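Spelled out, the chains give:
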Amino acid sequence: MNTISAQAVQRQNQDYTLLMNMLHVSVSKHLIDEHFTCVWANEHYYKLIGYPKAEYEALFHNHADEYYRNNP
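How each quantity is defined
- Residues numbered from 1 in each chain as written.
- Predicted model: local features only at pLDDT ≥ 70, side-chain atom pairs only at ≥ 80, totals over all residues.
- Heavy atoms only, no water.
- Helix = DSSP H or I, 4+ residues; strand = E, 2+ residues; numbered from the N terminus.
- Core = buried A, V, L, I, M, F, W, Y, C linked by side-chain atoms within 4.5 Å.
- Buried < 20%, exposed > 50% of the residue type's maximum accessible area, 1.4 Å probe, protein only.
- Contact = heavy atoms within 4.5 Å.
- Phe/Tyr/Trp six-rings, centres within 6.5 Å; stacked < 30°, edge-to-face > 60°.
- Lys NZ or Arg CZ within 6 Å of the ring centre and 35° of its normal.
- Patch = residues over 30% accessible without salt bridge, like charges linked within 9 Å, V, L, I, M, F, W, Y side chains within 5 Å.
- Areas by Shrake-Rupley, 256 points an atom, 1.4 Å probe, with all protein chains shown as cover.
- Salt bridge = Lys/Arg side-chain N within 4 Å of Asp/Glu carboxyl O.

S.K.: Lay out the environment of E34 with the relevant residues and their values.
M.R.: One can find E34 in the loop between β1 (28-30) and β2 (38-41). For the pair E34 and Q7, spaced 27 residues apart in sequence, the C-alpha to C-alpha distance is 32 Å.

Here is the structure:
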C-alpha cells in the first residue's frame, strides 16, 4: 500500500502555491457547501477580491456567498 507522508503533502502544497504565484493567477479552493467556504487561496485571490486575507476572514468568515451578497 502506498502512503504519502505529511511532509510530502506539505511539499506538494508548497510547490503548488509557488507555481500559482509565479503564474500571477488567482487560485482558490472551496468546499461545496451552503456557503462555498474558502479553504485555501493564494495572494492573488485576495488582491482580486480587494481584501487582505485577515480582513476577508473577519468580515465574511471565508464564506464566498457572504462576500458576493452585495457584490454583483
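Still to come is the rest of the account.
S.K.: Requested: an account of the nonpolar core, with residues and values cited.
M.R.: Formed by C38, A41, Y45, Y46, I49, Y56, F60, A64 and Y67, the largest nonpolar core amounts to nine residues. Mapped by element, the contributors of at least two residues to this core are β2, α2 (43-49), α3 (53-60) and α4 (64-68). In contact with Y67, not counting residues within four places along its chain, are I49, Y51, Y56 and F60.

S.K.: Explain the packing of aromatic side chains to me, using residue names and the numbers behind them.
M.R.: Using the criterion set out here, one finds nine aromatic pairs in the structure. Taken together, a centroid distance of 5.6 Å and an interplanar angle of 50 degrees make the contact between Y56 and F60 tilted. Of this pair, Y56 and F60 are both found in helix α3, four residues apart, which corresponds to roughly one turn of the helix. This pair shows no difference in class: Y56 is buried, exactly as F60 is. Connected via pairs of aromatic rings, a cluster forms that spans Y45, Y46, Y51, Y56, F60, Y67 and Y68. Sitting above the plane of the W40 ring, K29 keeps its charged end 5.7 Å from the centroid.

S.K.: Summarise the side chain of N42; cite the residues concerned and give the values.
M.R.: Residue position: N42 is located in the loop between β2 and α2. Sequence-distant contacts of N42, that is, excluding residues within four places in its chain, are made with M20, N21, V25, S26 and V27.

S.K.: Lay out the side chain of T37 with the relevant residues and their values.
M.R.: Residue position: T37 is located in the loop between β1 and β2. Classification of T37 as buried rests on a relative accessible area of 13%.

S.K.: Would you mind going over a nonpolar patch on the surface in detail, with residue names and values included?
M.R.: Side chains of L19, L23 and V25 sit close together on the surface and give an oily, nonpolar patch of about 240 Å² of accessible area. Tracing the backbone shows V25 in the loop between α1 (6-23) and β1. Look at V25 and you get partly exposed, because its relative accessible area is 33%.

S.K.: Give me the lowdown on the pattern of salt bridges, citing residues and values where you can.
M.R.: As enumerated under the stated definition, the model contains three salt bridges in all. Across the pair K47 and E43 runs a salt bridge, and its minimum N-O distance is 3.6 Å. Within this pair, K47 and its partner E43 are both found in helix α2, separated by four residues, close to a single helical turn. Classification of E43 by relative accessible area gives partly exposed; the value is 43%. Among the ionic pairs, K53 bridges to E57, the shortest N-O distance being 3.9 Å.

What is shown is where atoms sit, not what they do.
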